[in-house]
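Here's the letter readout for the chains.
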Amino acid sequence: MKLQFEQVTKTFGSLEVIRHFDTRVETGEIVALVGPSGCGKSTLLHMVAGLESPFSGRLLVEGKPITEPSPQRTLVFQEHALYPWMTLLENVALALEFQGRPRKEALAEAGNWLAKVELPGFEDYYPHQVSGGMRQRTALARAFIARPQVLLLDEPFGALDALTRMTLQSVLKDLIEEERPTVLLVTHDVDEALYLADRVMVFSHRPATILKEITLGHIPKTHDLSAFAAERREVLELLGIDAGSNKQASNPEGTHP
Amino acid sequence: MSSTQSTGVQSKTAYLIAIAIILFFWQVAAWFLPDFLMPDVWTAMLRLWQELNSGEFYEGLANSMSRLGAGYGTALFFGIILGLLGGTLNAVRSPLKAAIIILQSIPSIAWVPLFLILMGFGNLPIIVVVAIGAFFPTALSVMNATESVEKVHISAARVMGASRFQMLHRVYFPAVTPELITGAQLAFGNAWRALISAEMIVGFSSGLGRSLAYSGEVADMTGVMTNILVIAILAAIIDQVLLENIKHRLLRYQYL
């Protein structure tokens, strides 16, 4: 599904969070939105999900304005979005039950998806009984089971430790390659953006405007991002990290004293 | 698992100690007062045993329980519905909450004279008084819980395409269940107090409250203490055994 943002502006009261945001996302493209926290990236995702509407400008999916949420555009939240009163299996199945699928069928398919995110044997556990990484695996299964055409990820692994995060990024990458949805990923992990995305948009402070777009193209990648050192440095500088310390940034080890 | 078990044992021990202390003070009072003013614990227990073997006792018990069931059940039903509505509809919430807070301060027993004349002598005025006592804590707890359902839980359901009914049934209702149960236990206390006092005032038919009032009228102190004993034991059984059990069953996921 193709997404078009036409001069999208969003305000909360007198607070302007997004100003004249304008871009196109092609079908199957993976776009990462990187920027300082609180800059309005999440609000952009919520608007695509149909949870919020723009103050002015237009937001189109396949040429039609977004008016309400749809299972075709699903959103993965940072955490705590699983229902604590349901087992992991029931949580995943719920996405199908809400679409009118019979419970038995939904549970069976949920089992398959839990296996796909490498959680077999944990079907009957409740969210509070498993680790944060396992919860987010479940959240991914719940998102993908609906076979969304647009996948919105709102800092999905932000609360996880570095190792778990990288493992989950690989799980997510595999799922995306298999299902090929259009992906919008909000993150403040630069490496996550470079690893997963075909295109990285760097945002300014509020109100959010695009500072720079970096096109990487849809190419196979590993977590060894040394081939993208130049892009990485550029993004970090745009975000004001290591700004004006080019000597350090060009240090081949990339380490800090 | 082990922690819930040990707290269960602890609270059971606490209850046993409390019961022993209460009975001890009663017995001390019985030693100092003449028998016709304060019977021994043992005498009251014997009377209770005799009562348990008489048909009259069960008739009164059945009458009280059916009034309680009707009043408490009605209160839970409307309390949950109004609480969910009030919690989800912003326009209804504040006025409803204010009305509940005002009406809640009126002791439910104060409604008895009005309802007696309005509805006549019968079960209905007592049932209504019981329902009033139980309704407010139920509605308030459900409303407050509905208001504070996590936003991300609602957003997630919307994104997954939940209908309005699915949202209420699969998200709001289970989300408010823990507070609902706490509210229902509070409501039971109110309902029970309202039931006994209303039965004491409304002098007809049979029931636990009537039986207690009658014993007082004929200065049968053993009868009075026996009735109080019955009222206390029943309340403890319903609250600590029945409602606690339902709570553990409904909130099973929290105790794993």
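Residues numbered from 1 in each chain as written. Chains lettered and ligands numbered in written order. Predicted model: local features only at pLDDT ≥ 70, side-chain atom pairs only at ≥ 80, totals over all residues.

(A) Region of interest: the overall build of chain A. Helix and strand counts for chain A come out as eight helices and 10 strands. For a compact globule of 257 residues, the expected C-alpha radius of gyration is about 18 Å, and chain A comes in at 19 Å, within 12% of that figure. Along the first, second and third principal axes, the C-alpha atoms of chain A reach 60 × 45 × 30 Å. Pairs at least 24 apart in sequence give 68% of the contacts found in chain A among residues at least 6 apart. (Helix = DSSP H or I, 4+ residues; strand = E, 2+ residues; numbered from the N terminus. Rg over C-alpha atoms; globule rule 2.2 N^0.38 Å. Contact = placed C-beta atoms within 7 Å.)

(B) Region of the structure containing the domain arrangement of chain B. All names here are of chain B. Parsing chain B into structural domains produces domain 1 (1-32) and domain 2 (39-255). The C-alpha-based centres of domain 1 and domain 2 are spaced at 25 Å. Counting residues at the interface gives five residues for domain 1 and four residues for domain 2. Here the residues of the side of domain 1 that touches domain 2 are counted per class, giving three nonpolar, two polar and no charged. (Domains from an automatic or database assignment. Nonpolar A, V, L, I, M, F, W, Y, C, P; charged D, E, K, R; others polar.)

(C) The sheet that holds strand β6 (residues 73-76) of chain A, seen in detail. All names here are of chain A. One open sheet accounts for six strands, arranged β6-β7-β8-β3-β9-β10; its pairing is mixed. Strands with a single pairing partner mark the edges of an open sheet, and in this sheet they are β6 and β10 (210-215). On average, each strand axis in the sheet is tilted by 15 degrees relative to the strand beside it, whichever way the strands run. When strand β3 (residues 30-34) meets strand β8 (residues 182-187), the two strands line up parallel, connected through five bridges. Of the residues in β8, the one forming a bridge with V34 is T187. The strands touched by helix α1 (residues 41-49) within the sheet are β3, β6, β7 (150-154), β8 and β9 (199-203), with β7 carrying the most contacts at an inclination of about 150 degrees. (Pairing = 2+ DSSP bridges. Axes fitted to C-alpha atoms, helices over the stretch in contact; angles between N-to-C directions.)

(D) Region of interest: the interface of chain B and chain A. Facing the 15 residues of chain B at the interface are 20 residues of chain A. The set of elements that each furnish at least two residues to the side of chain B that touches chain A consists of α7 (151-159) and α8 (164-201) of chain B. In terms of residue count, the dominant contributor to the side of chain B that touches chain A is α7 of chain B (six residues).

(E) A look at the packing of helix α4 (residues 90-104) of chain B against helix α6 (residues 123-147) of chain B. Residues and elements named next belong to chain B. With their axes 10 Å apart at the nearest point, α4 and α6 run at an angle of 150 degrees to one another. Taken together, the axes of α4 and α6 lie roughly antiparallel to each other. Note on packing geometry: the crossing formed by α4 with α6 is left-handed. In contact with R93, K97, I100, L103 and Q104 of α4, α6 contributes F136, A139, L140 and M143. Classifying every residue of the contact of α4 with α6 gives six nonpolar, one polar and two charged. (Parallel < 35°, antiparallel > 145°, perpendicular 65-115°, else oblique. Left-handed = near helix turned anticlockwise from the far one by under 90°.)

(F) Representation of the pairing of β7 of chain A in the model. All names here are of chain A. Of all five residues in β7, five are buried; the element is thus mostly enclosed. Along β7, one buried face is formed by V150, L152 and D154 and the opposite face, lined by L151 and L153, is buried too. As judged from the four bridges shared by β6 and β7, these two strands associate in the parallel manner. Counted as the bridge partner of R73 is V150 from β7. Pairing geometry for β7 and β8, over five bridges, is parallel. Considered in β8, the bridge of V150 is made with T182. (Buried ≥ 20, exposed ≤ 12 C-beta atoms within 10 Å, placed from the backbone.)

(G) Highlighting unusual backbone geometry. Residues and elements named next belong to chain A. Even without being glycine, Q7 reaches a positive phi, approximately 50 degrees. Looking at the secondary structure, you find Q7 in strand β1 (residues 3-12). The exposure class of Q7 is exposed, given the 12 C-beta atoms found within 10 Å.

(H) Expanded view of the nonpolar core. Counting residues in each nonpolar core, the largest one holds 128 residues, and the members touching the most others are V48 and L185 of chain A together with V130 and A191 of chain B. Discounting chain neighbours no more than four positions away, the residues touching V48 of chain A are L3, L59, I66, R73, V150, L152 and L184 of chain A. (Core = buried A, V, L, I, M, F, W, Y, C linked by C-beta atoms within 7 Å.)

(I) Representation of the domain arrangement of chain A in the model. One can read the domain layout of chain A as domain 1 (1-72 + 150-211) and domain 2 (79-147). For the side of domain 1 of chain A that touches domain 2 of chain A, the element with the highest residue contribution is helix α5 (residues 162-179) of chain A, accounting for six residues.

(J) Main features of the sheet that holds strand β2 (residues 15-25) of chain A. All names here are of chain A. In space, the four strands of this open sheet follow the order β2-β1-β4-β5, with antiparallel pairing throughout. Whereas interior strands pair on both sides, the edge strands pair on one side only; in this sheet they are β2 and β5 (64-65). Across two bridges, strand β4 (residues 56-61) lies against β5 in antiparallel orientation. When the bridges of β5 are listed, L60 appears paired with P65. Docked against the sheet, α1 engages β1, β2 and β4, running at close to 60 degrees with respect to β2.

(K) Examining the packing of helix α9 (residues 208-217) of chain B against helix α10 (residues 221-250) of chain B more closely. Residues and elements named next belong to chain B. Where α9 contacts α10, the two axes come as close as 8 Å, and the packing angle between them is 160 degrees. Viewed along their axes, α9 and α10 adopt a mutual orientation that is roughly antiparallel. Crossing handedness for the pair α9 and α10: left-handed. On α10, the residues touching L208, S211, L212, S215 and G216 of α9 are G223, V224, N227, I228, V230 and I231. For the contact of α9 with α10, the class distribution of residues is six nonpolar, five polar and no charged.

(L) Just the pairing of β3 of chain A, in detail. Residue and element names in this part refer to chain A. With five of its five residues buried, β3 lies for the most part within the structure. Across the two faces of β3 the burial is the same, with I30, A32 and V34 and V31 and L33 all buried. As judged from the four bridges shared by β3 and β9, these two strands associate in the parallel manner. Residue A32 lies in a different strand from β9, and its bridge partner there is V200.

(M) Representation of the environment of F228 of chain A. Residues and elements named next belong to chain A. Following the sequence through the fold, F228 ends up in the loop between β10 and α7 (229-238). We classify F228 as partly exposed; it has 19 C-beta atoms within 10 Å. C-alpha of F228 to C-alpha of L216: the two residues are 12 residues apart in sequence and 8.9 Å apart in space.

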